[in-house]
Amino acid sequence: MNYGKYERVTSLLSGILMTAAVYSVFFVLPVMKDDSGNALDTSFNIFYFHLPIAIISYIAFTVVFIANVQYLRTREISWDILARSSAEIGLIFAFLVLASGSVWAKHIWGWYWVWEPRLTTSLVLFLVYAVYLLLRNSIDAVESRARLSSVFGIVGFVSVPLSFFSIRLWRSAHPLMFGDSLYGQSGGGLEGTTLQTVLLINVAAFISLYIALLIYKLGNEYLLENIEELKNF
Amino acid sequence: MIKALHIAVKDFRIEAHAKELLNSMLLFSFLILVVFSIAFSELTSSSGNIAMLGAGVLWICFVFAGTLGFSRAFASETQNGAIQALKICPMSPISIYLGKVVFTISIMLIVEAITVILFSILFNYTILSPLFVIVVIGGTIGFASVGVLLSALVQNIKAKEIMLPVLLLPLLVPVLLPAVSATSAIFKGGDLGMITTYLRILFVYDIVFLAVASIVFEYVIED
Amino acid sequence: MMNNLIVAKSIAKKYGRIIAVDNVDLCVKDGEFVAITGPNGAGKSTLLKLLSSSLHPSDGEVLINGVSFSDDRIDIRKEFGVLSHESYLYDDLNAIENLRFFGNMYDMKGIQLEEQIKMLLGETGLWKRATDRVSTFSRGMKQRLSFARALIHDPKVLFLDEPFSGLDPGASKIIEQLLIKKSSTTRLLVTHNIEFAISICDRILVMDAGRLVADFESKDESVRETISQICGIDACV
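Since this is a predicted model, take the numbers as computed values, not measurements.

(A) Spatial organisation of the overall build of chain B. Helices and strands together make up the secondary structure of chain B, namely nine helices and zero strands. Counted from the first residue to the last, chain B has its helices and strands arranged as α-α-α-α-α-α-α-α-α. In terms of overall dimensions, chain B is globule-like: its C-alpha atoms have a radius of gyration of 18 Å, near the 17 Å expected for 223 residues. Taking all 223 residues of chain B together, the buried fraction comes to 58%. Taking as baseline every contact in chain B between residues at least 6 positions apart, the subset at least 24 positions apart corresponds to 84%. Total accessible area computed for chain B in this model is approximately 8600 Å², and 71% of it derives from carbon and sulfur atoms. Between the centroid of the 11 positive side chains of chain B and the centroid of its 12 negative side chains there is a distance of 5 Å.

(B) Spotlight on the interface of chain B and chain C. Contact with chain B, which involves 26 residues of that partner, is made by 29 residues of chain C. The contact between chain B and chain C buries some 2600 Å² in all, and 59% of this surface belongs to carbon and sulfur atoms. Three residues stand out in chain B for area buried against chain C, namely Asn80, Ile88 and Pro90 of chain B, and they jointly supply 27% of the buried area on that side. Viewed at the interface, chain C and chain B are joined by two salt bridges. At the boundary of chain B and chain C, one finds 14 residue pairs in polar contact (both at pLDDT 80 or more).

(C) Region of interest: the nonpolar core. Counting 217 residues, the largest nonpolar core has Phe152 of chain A, Phe119 of chain B together with Leu51 and Phe159 of chain C as the members making the most contacts within it. Two domains share this core, each providing at least three of its residues, namely domain 1 (1-28 + 190-233) and domain 2 (51-173) of chain A.

(D) Inspection of the interface of chain A and chain B at higher detail. On the chain B side, the residues contacting the 29 residues of chain A number 28 residues. Carbon and sulfur atoms make up 80% of the surface buried where chain A meets chain B, a total of about 2600 Å² over both sides. Area buried by chain A at its contact with chain B is led by Val155, Leu162 and Leu169 of chain A, which between them contribute 21% of it. Put simply, chain A and chain B have three salt bridges between them. The salt bridge partner of Arg147 of chain A is Glu222 of chain B, with a shortest N-O separation of 3.9 Å. Residue assignment for the side of chain A that touches chain B shows that the elements contributing at least two residues are helix H4 (117-137) and helix H5 (142-170) of chain A. In terms of residue count, the dominant contributor to the side of chain A that touches chain B is H5 of chain A (17 residues).

(E) Examining unusual backbone geometry more closely. Residues and elements named next belong to chain C. For Asn65, which is not a glycine, the phi torsion comes out positive at approximately 55 degrees. Secondary-structure assignment places Asn65 in the loop between strand E4 (59-64) and strand E5 (67-68). Backbone geometry at Tyr88 places phi at a positive 60 degrees, although glycine is not the residue there. Examined against the element boundaries, Tyr88 turns out to sit in the loop between strand E6 (80-84) and helix H2 (95-105).

Reading the values: the criteria
Residues numbered from 1 in each chain as written. Chains lettered and ligands numbered in written order. Predicted model: local features only at pLDDT ≥ 70, side-chain atom pairs only at ≥ 80, totals over all residues. Heavy atoms only, no water. Helix = DSSP H or I, 4+ residues; strand = E, 2+ residues; numbered from the N terminus. Rg over C-alpha atoms; globule rule 2.2 N^0.38 Å. Buried < 20%, exposed > 50% of the residue type's maximum accessible area, 1.4 Å probe, protein only. Contact = heavy atoms within 4.5 Å. Areas by Shrake-Rupley, 256 points an atom, 1.4 Å probe, with all protein chains shown as cover. Lys, Arg positive; Asp, Glu negative; His and termini not counted. Charge placed at Lys NZ, Arg CZ, Asp CG, Glu CD. Buried area = accessible area lost by both parts, 1.4 Å probe. Salt bridge = Lys/Arg side-chain N within 4 Å of Asp/Glu carboxyl O. Polar contact = N/O pair within 3.5 Å; in protein donor to acceptor, adjacent residues only side chain to side chain. Core = buried A, V, L, I, M, F, W, Y, C linked by side-chain atoms within 4.5 Å. Domains from an automatic or database assignment.

Function cannot be inferred from these measures alone, as they are strictly geometric.
Structure follows, in structure tokens:
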């Protein structure tokens, strides 16, 4: 399969969007002010990367789940290739969620890590898919690797939303670290729309980055498949 | 589903002859308790401290002993390839799964009951509460439903002894958290009202995982 | 008029790129004793697994006694039993417990099951060891008990996957006699032992690289020559 054209188009697109996103975060965004007019810390800007990254990791793992189910139904190896490609990208983004979150947390709260629902769920998500890839590595036979990892992927995906609910309960006695005051308290309406636009550009940029990475990864995986096929002759 | 019970009974019969699973799980669980009572020897003098530690200590025992049990859950089936014969018996693969789950839950409950008795002796702290029993049963069902599935899953992969606990623990977060929290609330004298939400999550998890695992089990034993 | 008990319609099994069974068509008549032979990795065992419903085919369908697996995967399984080189027994149960368990799995119970167990243990000469644990049995005895296990529900078809491997000549002779005696049962035997296949089977199928490449009556003179062409000289020894 030839992915060359799509690779170029999507990487060009995500290059442009990423430049726009970075530029908008650092140069377009107005200084945020709280209700009493004091300038808020600019560390909040990391939020414009943090949120899209989190969204991408969820999208990537949803793609893994769908590919897992489809593999078990159809036994087409291409679904398995999609699952492993998306899982690897998703894992990187899940790690970046934790990393960017920690940096931000250190700045705001003074700690890198707090046992708080959203953080703990992100950690569980990261662990489930790290283990998913570990499981894939430990099985050599192509067919059973695809089949068994699909089963694990399905069960793992189902367990994450449940983790979220149980973790929420677990910490419900504690005050939520993410107060409303941090989210989107902007001054005037004009600034509000700027914030939304910047956020939107960032989300779009990361989505196109995900698609570009996925296409690259798929292209590589298919090349690898072709090499294996040629070796067998 | 009568066949699931036959499979569970068969496993009990094997266990009655071989006696390897129950003994090693009990001994292991006991050893963990001993390690904890040594490690926390300075804290165990007051019952207030034990109420704080108890939930964690007990669930760590349950999880470790359970994981030990899962690593052997399919040993009898793979020893001479008996699973191959079961697969072509006139029944749904779900029966095999449920039979194994019933057996594993029963074995774990026996181990857990004895562990709790040992705990009250070693830590001089008695917990006699029907709520505690419900929480333990709920946790064990969820634990076993995932454990049996993964135990079957690792049968054909290399380094299965290492892989099983690694695969199991991330998936167990949604059962461990409510179970430990509810147990700890009971230790501190909580009543049903305080743990209803935990119980709800616990049993939702049990149902969801039994259902999902029943569906996908067929793909695990295929080879 | 003998009808076709087992029918396979262009079944295939693919594992990713690897094609284990490639478009096999097969008919086996009621009461026939058919041998499937071929070099290692030809897909013989996979074919047997497809026919015994323990694998789903990637393509095509299997009918046993006119019923397709895609219509009925549960009750149809009462029609056949499998004897393999692995015993499929529980080492920590005794002979009777093993047979009783598998009988239960085939919806048998009570007197009828006990009678069947007694009959099979007598037939396989294991009656004296009936209450001993299987772990104390020799390889040959395990295989005889496994034979009893495969026949516990009195199946119409018996699938045999290298049942003689690892057995000494005496033990294989016993299994061989037991197989010959079951003349009313349709038997499908995967084996490397071509001389044996020629001497006791009615029909010989040869597989190579997932395909069915030859189909002989065992009296046919050209059997040996063709097989050694396909499998290499060693296979015929």
